[in-house]
There are 2 protein chains.
Amino acid sequence: MQKRGFMKEKKEDRRISRTRKLMHEALMSLIVEKGYESITVQDILDRADVGRSTFYLHYRDKDELLLSSFEHLRTLFEQQQQELVASRRTGKDPEVYFILELFRHTGQHHKLYKAIAGRQSGEMILKYLHRYLFNMLIGPNTELMKKRKAPPVPIEITTHYLVSALLSLLTWWLDNNMPYPPEKMDEIFRILATPTIEAAFGRKTTIHPAGSQKAFYDLFVDGDCCPDK
Amino acid sequence: MQKRGFMKEKKEDRRISRTRKLMHEALMSLIVEKGYESITVQDILDRADVGRSTFYLHYRDKDELLLSSFEHLRTLFEQQQQELVASRRTGKDPEVYFILELFRHTGQHHKLYKAIAGRQSGEMILKYLHRYLFNMLIGPNTELMKKRKAPPVPIEITTHYLVSALLSLLTWWLDNNMPYPPEKMDEIFRILATPTIEAAFGRKTTIHPAGSQKAFYDLFVDGDCCPDK
DNA sequence: TTCATTAGTGAACATTATGTTTGATAAAAG
DNA sequence: CTTTTATCAAACATAATGTTCACTAATGAA
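Residues numbered from 1 in each chain as written. Chains lettered and ligands numbered in written order. Predicted model: local features only at pLDDT ≥ 70, side-chain atom pairs only at ≥ 80, totals over all residues. Heavy atoms only, no water.

A. Just the nonpolar core, in detail. In terms of nonpolar packing, the biggest core is built from 119 residues, with Leu133 of chain A together with Leu133 of chain B touching the most fellow members. With near-sequence residues (within four places) excluded, leucine 133 of chain A lies in contact with Phe98, Leu102, Val163, Leu166 and Leu167 of chain A. (Core = buried A, V, L, I, M, F, W, Y, C linked by side-chain atoms within 4.5 Å. Buried < 20%, exposed > 50% of the residue type's maximum accessible area, 1.4 Å probe, protein only. Contact = heavy atoms within 4.5 Å.)

B. Region of interest: helix α8 (residues 155-175) of chain A. Taking 1.5 Å per residue, 21 residues should reach 30 Å; α8 of chain A reaches 30 Å between its end C-alpha atoms and fits that length. Most of α8 of chain A sits inside the fold, with 19 of its 21 residues counted as buried. (Helix = DSSP H or I, 4+ residues; strand = E, 2+ residues; numbered from the N terminus. Expected span 1.5 Å × (residues − 1).)

C. Inspection of the interface of chain A and chain B at higher detail. With 30 residues of chain A in contact, the opposing surface of chain B contributes 30 residues. Interface area for chain A against chain B, summed over the two sides, is near 2,700 Å², with a carbon-plus-sulfur share of 67%. Our count for the chain A to chain B interface comes out at 0 salt bridges. Put simply, chain A and chain B have 7 residue pairs in polar contact (both at pLDDT 80 or more) between them. Counting residues per element, the ones that place at least two in the side of chain A that touches chain B are α7 (123-147), α8 and α9 (182-201) of chain A. Of the residues in the side of chain A that touches chain B, the class split is 17 nonpolar, 8 polar and 5 charged. (Buried area = accessible area lost by both parts, 1.4 Å probe. Salt bridge = Lys/Arg side-chain N within 4 Å of Asp/Glu carboxyl O. Polar contact = N/O pair within 3.5 Å; in protein donor to acceptor, adjacent residues only side chain to side chain. Nonpolar A, V, L, I, M, F, W, Y, C, P; charged D, E, K, R; others polar.)

D. A look at the protein's contact with DNA strand C. Around DNA strand C, a shell composed of 19 residues is seen, among which Thr19, Gly51, Ser53 and Thr54 of chain A together with Arg52 of chain B lie nearest. A breakdown of the atoms of DNA strand C within 4 Å of the protein gives sugar and phosphate a share of 51%. Threonine 19 of chain A places a side-chain nitrogen or oxygen 2.4 Å from a phosphate oxygen of DNA strand C. In the environment of DNA strand C, a base nitrogen lies 2.9 Å from a nitrogen or oxygen atom belonging to the side chain of arginine 52 of chain B. Elements with a contribution of two residues or more to the surface near DNA strand C: α1 (14-34) and α3 (52-58) of chain A together with α1 (14-34) and α3 (52-58) of chain B. When residues of the surface near DNA strand C are assigned to their parent elements, the largest contribution, 4 residues, is made by α3 of chain A. Of the residues that constitute the surface near DNA strand C, the class distribution is 5 nonpolar, 7 polar and 7 charged. (Near = heavy atom within 4 Å.)

Rendered as structure tokens:
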């Protein structure tokens, strides 16, 4: 997407990256501590130790900072996804792994996601996630559409329905401190959603387990995720 | 619940009912106009033409007023439900009608519900609705539980999943200006959800159409709901 | 190293909303 | 008619937001 080399793409003033990072970290730690809503810009300023004017030089408001932080996580998730796809050449059903990896990823960053998506922070992020997953799933589904001429339910509705259902499972899992491992949640989603997919499109779907991954964004890899492996 | 007669249970100062009603109406019309979030207490004061102190004499804040208004609607819905149950002595599967009536009811008050539950007003109401529906559905489901010894998915999760799915359909419907009649939405929900229920509990569910109902809360019965009957 | 450029500072300020308090007023209830 | 109680207006304290500006310091390119 961007010009220049491969390892180095430096064009940004160090000060900028520095203050941005400070503000992100401040926001993140504050979210974990007291939840997004109750955080004030002043809180962020104090924690990050930056001037008021500096904040508004970078972001329009609290929400924009949150969104920006969240996009970090999304990027990370996508990198992990790609690594996984690259490392495995089984090839088939990439969207099947997707859901398991989604649970894995959010589990790894559960403190953040719980604070961010656990209903405590505005629906903004949930909306974002919804859109993201919707686009992720609409591809495979439109393919399926071609096989069945007149599906009993409009595909848009089915997709919306399934995304919401998946998200509900995810937020439930986070809100309840992840009482099951990601694999179990993945299985549950399959059990509950597969018959719906079959009813809406008429097709068999298969079930797979999947692999592992690595940690980044060190400060917020939370450690104590899930009871047993 | 309360003491005294049958038709008359007046114990409340007229002034109280009057100002409360004024504030409710103010909030409702404002929600329809500009969405909940952007409404300020001052807006409500101006529209209702009540003093600032009066407002805080009745409600702690905006949210409490909204919640109170919403409970009005819930009461109305329950009345309609009971009338329906009373008028029909077919008796079986009362929860089957429930979903259709839910769509009918929200369709009738779509302006309010769209403003209130259409993602524009905080998740507060959605949460409330979720809890409400959850309790509504947990009864029938625990019955089903007894039939199957070890359901493959914990009932709590299944219920949560189904409620979320139902709500997603409902909000989608409202957000998209109710492109289908309630009957169609009811059918769609059945198509999508029934196989899940069967997978989670192992049982057949039947499909019914249902009747009509009446209007109240006149100011906000919106009229132009849904394309064709 | 030098130096023009760019980012960060902090303090003041305007603005907007919230929620509380007061004593006076008017409308109910009995 | 009298007592009680809800409402009112107005002022107030508080708190958060977002902007401005002149000053300072770090940066990176020459």
